[in-house]
Structure formats: C-alpha cells, structure tokens
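Coordinate analysis (summary)
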Amino acid sequence: MQMTYVFTELKQGLRRNVSMHLAVVLTLFVSLTLVGLGTLLKLQADHAEEHFGKINQVVVWLCNDASKASTCTGGVTPAQKAAILKVVQDNPEAKGSHVESQEVAFEKTKRLFGQQYQTKLPADFGPDDLRESIWIDLKDRHKADGIMSAVEGLDGVDSIRDSRGLVGPIFKILDRMQIGSLLTAGVLLMAALLLVANTIRLTAYARRREIGIMRLVGAGTLYIMLPFLLEALITAVAGVALAAAALSAFEYFAIIRGVSDLRLMPWVDWTDALLAIEAAAILGPILTVVPTLLLTRKYLKV
Amino acid sequence: MIRFEKVSKTYPGQDHGALDKVSVDIEKGEFVFLVGASGSGKSTFLRLILREHSATEGRVHVAGKDLNRLAGWKVPRLRRQIGTVFQDFRLLQNKTVAENVAFALQVIGKSRADVDRLVPETLELVGLSDKADRMPDELSGGEQQRVAIARAFVNRPMILIADEPTGNLDPATSLGIMKLLDRINRTGTTVIMATHDAGIVDQMRKRVVELAGGKVVRDEARGAYGYEN
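Residues numbered from 1 in each chain as written. Chains lettered and ligands numbered in written order. Predicted model: local features only at pLDDT ≥ 70, side-chain atom pairs only at ≥ 80, totals over all residues.

Under the convention used in this document: UniProt positions are given in the numbering used here, feature names are shortened, and annotations may be inferred rather than shown by experiment.
Chain B carries the name Cell division ATP-binding protein FtsE in an unreviewed UniProt entry, which gives Nocardioides jejuensis as its organism. As stated in UniProt under Function (unreviewed entry), the record for chain B gives "Part of the ABC transporter FtsEX involved in cellular division. Has ATPase activity." Looking at chain B in UniProt, the text filed under Subcellular location (unreviewed entry) is "Cell membrane".

An unreviewed UniProt entry lists chain A under the name Cell division protein FtsX, from Nocardioides jejuensis. According to the UniProt record, the Function (unreviewed entry) comment for chain A reads "Part of the ABC transporter FtsEX involved in cellular division." One UniProt comment on chain A, placed under Subunit (unreviewed entry), says "Forms a membrane-associated complex with FtsE."

This is the structure in structure tokens:
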C-alpha cells in the first residue's frame, strides 16, 4: 500500500479544517479533563471511605494504655474485646463488623501524613499510641441508637464515633462534585461527538470527487477511510495530551501544593492522577475513532 | 465477459423498474454502443456492471463473477478490472495530467515503479505525452477527456465503460475520442459506451443495444443509431 497519498490527504485534511479540528481538540480537552476530575473525585471518595469508614458505619474505639475513659483500666483485654464483639454480633442493628488492629491504625496514620510522617510525628510514635477499633456496618444507616447505647459503657470501650455525622457531609460534597463533573463532561462529550461528525461530513464533501474516483478505480475501503481515521486519531491524541497536562497540573497545584497539608484524609496521589489520565486516554480515541468508522461508512458509501 | 440474465432493477420508492428483464451477452473484446432516450435504463445498466447497485431480480455476471453473490469487500477488486469514463471528465483540478492518471494506480497500491512505467506509456497512447505537467484547466475539453480515458485505462482493465464520453465535445473532437476508444478496444479491452451521438454510432458500425423503458428493444451486430428503413 502506498502511503504517500494517505499522508498528503491527512496533511491537507488537517490544514483545510484547522478551525474545526481546533474546536474538536478543545472540546475533547475540556470534556476529558472533566472525566479525569470525575475519576479523581471518585478515587478521593474511596480514600475518604477507607479512612473514615462508610457512611453507614459506627466505629468503636477500644482502650489503649493511655485511655482516660472511665471504662478503661489500661489496654483492652482479650476477654473484654470478646464481650464487646459478642454484643455487636448479637445486636439486630448490626449487619457485620471487623476489627482494625493498632498496626493497621498506624499504617493509616502514616498514609495520612505521607512521607512527612517521620518529621511531623514524635520519633517514638508507634502502633501502641493508637487504639484498636471495631468497625460496625449498620443494616439501616438511620438506626444506630440501639447498638450505640448497647456498646457504650462496656468495659474496654474508650469511645464511639458515629461516622454518619462526620463522614456524611464529606461524601455529600464529593458525590455532588463527581456527579456535576461527569454530567458536564457528558454534555461536552456529546458536543465533541457532534463536532467530529460535522468535520467528517465537511471533509467528505470537500473530497467527494477524489473519493468518487477512488471508489471507481477500486481503492479498498480501508485505504479510503485511512486519512479520516488518522485525522480522528490525531485530534484525539491532542485532546488527551492537553487533558493529561491539565490533570497533572491539578494534581500538583491543587492537591500536592494545595490541600495535602490539611491532614483531613489521604488525598489523591500521582497513582490516582495516572489512573484518571488513563481513563481520558482510553475515552479520547474511542470518542473520535468510533464515530469516524460509523460516519465514513455513511457519508462515503465505501 | 458481461452477461445479464433477465435482470430487473427497481429503485426504492419507484413503482416501475429502471430495467425490466434485460438479457444481454457481451463477449470479451467486443465494442458495444448502448443507446436509448434519457431514462431508458442505460445508466442503470452501467451501474449494475460496476456493482454500484445490485439487481433486484436476475443475474449479472462480470468477468466470471456473479455480482449478486459478490461480497462487499470484493467489489474494489472487481472495479480494478473495469475502467470508467464520464461525460464530465471528473478530473482532479489540483493535480497535473500525469498526477491524475497516477492517482488511479496509487490508490490501489501499485508500486512506484509500476506508476513510473505505466503513466508515461498511457499518456503516449492517448497522445498527451507533451502535456503531462499541465493542469486540467489548461486543456481543451477533448484533451481533458483523453486524460480521463488514460486514467481509466492505465491499470489495463478488461472492460472500459464510457458514459456519454463525447457528450460535451464538438464533432471533430468526438471523432478523435472515438478513434482512441477504438484503439483501446483493439488491445482486447471490452468497451461499452452509452451515447446519444447518432453520428458516431452510424459511423462506427459496431454492435448496438437499444434500451427503451428499461427493456432491450434492439440488439444489432453492426447497427446504426436509429432503425434503418
């Protein structure tokens, strides 16, 4: 297959419709960035959930050596823990539960502080400074009073945290932001699709004579479609590259240089940002190449 | 080479057919004029050979292939065996004469060596060797049609279809085009030409197939444009 023609056509096509291609690239850029941000918000929500517990959870903190609650006489004993677990398991409001050891709590704290934990925390800070906990999943997140009063006051229980009050607003904000960004992305992606369709229609019209001759002399379908497909791929790559840059900038300036000093919860890191960029990189080419495949068939009748 | 067996073609949304049980047999190397009033079915006949449309009924065989059964992806290969020339030339205005002819080879993936050999050879055949670097708008109508014929013939097709190739040309120029088509026919290429040009048909005395209302009303071996009384 001689590719000279394909590349000449590609160059001409890109030049001929430069404003249209720019419109596609910019729309793709904005919508893919929003898709990426939506992904990041989802991952942020996952981090929050991992850290705070789910919205329908109640966390029971068990005594450690430093606990000052009246139910604590030093660290919780295995017998006390077993008794508390029995109460939890027998309670009709609980769907299930799991125990988080002091070691797990320590790992979580280290993640929260990131690499700075060694400098920001006392040198002898270790698992023993943290409390073991029981995370109770509720059957119905509106019903927790029974189980809370049943556990409260048991020996070995330091305190109880009702995740619903603490985590609820955070999830609400994250959820709304996620829905907002994905909805906006959806509308923009529709716009991108329509722009791609228009570009193909214009190009097909501008090249109807060439295409007609190509069909007549027996050029293969793929050969006729190739300049269109490559154009679609190039606009997609440009859109994805811009979105990747924007998402990286967001990760660096808004998260790492921005909110990460607030030790509220673990924030999305570079691994998460990469995942968001991957989502954009997969979606971008699909959005331009698939309509091109469908529409060239329609407009070129190849 | 080309065989129509009781071929009917009805376009969607039309109640009477463009072709009605047409049976025609065209041998390899024949020169056939297709005549008839506008709307008689000439263009449909040519389109069926090119497999731009499929027959509603009956069978169309071209170069040994049953076109009703030909898979879509094999159509390009069929078309490489057929050259096509139109009344309006259909040249690419942004390409030179040589580039227009080369285009037909490049897009079917011929090697540069083939292009470099076949294009000058074909331009020589149509008598345009000295105008290879001209743009189409610098040429006369007759010369443009020669370029179109060169493009149709450069791949040495077994069949050449010409749809009113002299429709836009004066009689003297038309004669030149006919001589060229005749020369191509003598190389063994089957030529089918749809025309309204009575003078040419009468002069050439080739086989004439006349269509009227989608039916073959006349098929004469050495015919004239109209009935001779």
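**Some details on the pairing of strand β4 (residues 57–62) of chain B**
Put simply, side chains in a regular strand alternate between the two faces of the sheet. Residue and element names in this part refer to chain B. Condition: In this description, strands pair whenever DSSP reports at least two bridges between them. Think of it this way: any DSSP run of H or I at least four residues long counts as a helix, any run of E at least two long counts as a strand, and we number them from the N terminus.
Looking at chain direction, strand β1 (residues 2–9) and β4 are connected through 5 bridges and run antiparallel. Pairing of Glu5 across the sheet is with Arg59, part of β4. Bridging between β4 and strand β5 (residues 65–66) involves 2 bridges; their strand directions are antiparallel. Residue pairing across strands places Val62 opposite Lys65, the latter belonging to β5. Between β4 and β5, which pair antiparallel and follow one another directly, the connecting turn spans 2 residues, one of which, Ala63, has a positive phi of 50 degrees.

**Some remarks on the domain arrangement of chain A**
All names here are of chain A. Rules: Residue ranges assigned to each domain were obtained from an automatic or database domain assignment. Side-chain classes are defined by residue name, with Ala, Val, Leu, Ile, Met, Phe, Trp, Tyr, Cys and Pro counting as nonpolar, Asp, Glu, Lys and Arg as charged, and the others, Gly among them, as polar.
Segmenting chain A into domains produces domain 1 (4–51 + 170–300) and domain 2 (53–167). For domain 1 versus domain 2, the separation of C-alpha centres amounts to 45 Å. For the side of domain 1 that touches domain 2, the secondary structure elements donating two or more residues are α2 (18–52) and α7 (163–206). No other element matches α2, which puts 3 residues into the side of domain 1 that touches domain 2. Counted by class, the side of domain 1 that touches domain 2 contains 4 nonpolar, 1 polar and 2 charged residues.

**Let's talk about the interface of chain B and chain A**
In many analyses, interface size is given as the accessible surface area lost on bringing the parts together. What counts is decided by this rule: Two residues qualify as a contact pair if the distance between their C-beta atoms, derived from the backbone, is within 7 Å.
With 15 residues of chain B at the interface, the matching set in chain A holds 16 residues. Contributions of two or more residues to the side of chain B that touches chain A are made by α2 (75–79) and α3 (97–106) of chain B. When grouped by side-chain class, the residues that make up the side of chain B that touches chain A number 7 nonpolar, 4 polar and 4 charged.

**Things to note about the packing of α3 of chain B against helix α4 (residues 112–125) of chain B**
Residue and element names in this part refer to chain B. Defined as follows: Fitting a line to C-alpha atoms yields each axis, with helices limited to the stretch in contact; the angle taken between N-to-C directions then spans 0 to 180 degrees. Roughly parallel covers angles under 35 degrees, roughly antiparallel covers those over 145, roughly perpendicular covers 65 to 115, and oblique covers all other angles. Whether a crossing is left-handed or right-handed is set by the direction in which the near helix is turned from the far one by less than a right angle, anticlockwise for left-handed and clockwise for right-handed.
The N-to-C vectors of α3 and α4 enclose an angle of 130 degrees; their axes lie 10 Å apart at closest approach. The pairing of α3 with α4 is recorded here as oblique in orientation. In the packing of α3 onto α4, the handedness of the crossing is right-handed. In this structure, α3 contributes Ala98, Val101, Ala102, Leu105 and Gln106 to the contact, and α4 contributes Asp114, Val115, Leu118, Val119, Thr122 and Leu123. For the contact of α3 with α4, the per-class residue count stands at 8 nonpolar, 2 polar and 1 charged.

**A word on the sheet that holds strand β9 (residues 207–212) of chain B**
All names here are of chain B. Pairing is mixed in the open sheet, where 6 strands are placed in the order β6-β7-β8-β3-β9-β10. Because the sheet does not close on itself, it has two edges, and the strands there are β6 (82–86) and β10 (215–220). Across the sheet, the axes of successive neighbouring strands diverge by a mean angle of 15 degrees, strand direction being ignored. Here strand β3 (residues 31–35) runs beside β9; their pairing, made up of 4 bridges, is parallel. Residue Leu34 lies in a different strand from β9, and its bridge partner there is Val209. Where helix α1 (residues 42–50) meets the sheet, it contacts β3, β6, β7 (159–163), β8 (190–194) and β9, and its direction lies at approximately 150 degrees from that of β7. In this fold helix α6 (residues 171–186) packs onto β3, β7 and β8, with an angle of close to 150 degrees to the strand it touches most, β8.

**Considerations on the sheet that holds strand β2 (residues 94–100) of chain A**
Residues and elements named next belong to chain A. Strand order across the open sheet formed by 4 strands is β2-β3-β1-β4, with antiparallel pairing between neighbours. One side of each edge strand has no neighbouring strand; the edge strands of this open sheet are β2 and β4 (157–162). For this sheet, the mean inter-axis angle between neighbouring strands, taken without regard to orientation, is 20 degrees. Bridge count between β2 and strand β3 (residues 133–138): 6 bridges; the pairing is antiparallel. Opposite Val99, over in β3, you have Ile134 as the bridge partner.

**Structural notes on the UniProt feature "transmembrane region" (unreviewed entry) in chain A**
Residue and element names in this part refer to chain A. The UniProt record annotates "transmembrane region" (unreviewed entry) at residues 20–41, 179–200, 212–230, 237–255 and 275–296. Annotated as residues 212–230, this span is 84% helix and 0% strand, and its ends, taken at the C-alpha atoms, are 20 Å apart. What you have in residues 237–255 is 100% helix and 0% strand, and the ends, taken at the C-alpha atoms, are 26 Å apart.

**Brief notes about the environment of Tyr5 of chain A**
Counted only if it meets this: Three exposure classes are used, all based on how many other C-beta atoms lie within 10 Å of a residue's own C-beta (placed from the backbone): buried at 20 or more, exposed at 12 or fewer, and partly exposed between those limits.
As for its position among the elements, Tyr5 of chain A is in helix α1 (residues 4–16). Taking the C-beta count within 10 Å as the criterion, Tyr5 of chain A has 20 such neighbours and is therefore assigned buried. When the C-alpha positions of Tyr5 of chain A and Ala206 of chain A are compared, they lie 16 Å apart, and in sequence the two are 201 residues distant. With residues near it in sequence (within four places) discarded, Tyr5 of chain A still touches Gln106 and Val107 of chain B.

**Concerning the nonpolar core**
Here is the rule we go by: For the purposes of this analysis, a nonpolar core is taken to be any set of buried Ala, Val, Leu, Ile, Met, Phe, Trp, Tyr and Cys residues that are connected through C-beta atoms within 7 Å.
If you look at the biggest cluster of nonpolar residues, it comprises 74 residues, and the most contacted ones within it are Leu34, Val101, Val107 and Ala150 of chain B. Counting residues per element, this core draws most heavily on α3 of chain B, at 7 residues. Excluding residues that lie within four positions of it along the chain, Leu34 of chain B makes contacts with Lys42, Phe45, Ile192, Met193, Ala194, Val209 and Leu211 of chain B. Listed in part, the 34 residues of the second largest apolar core include Val30, Val35, Leu188 and Leu247 of chain A.

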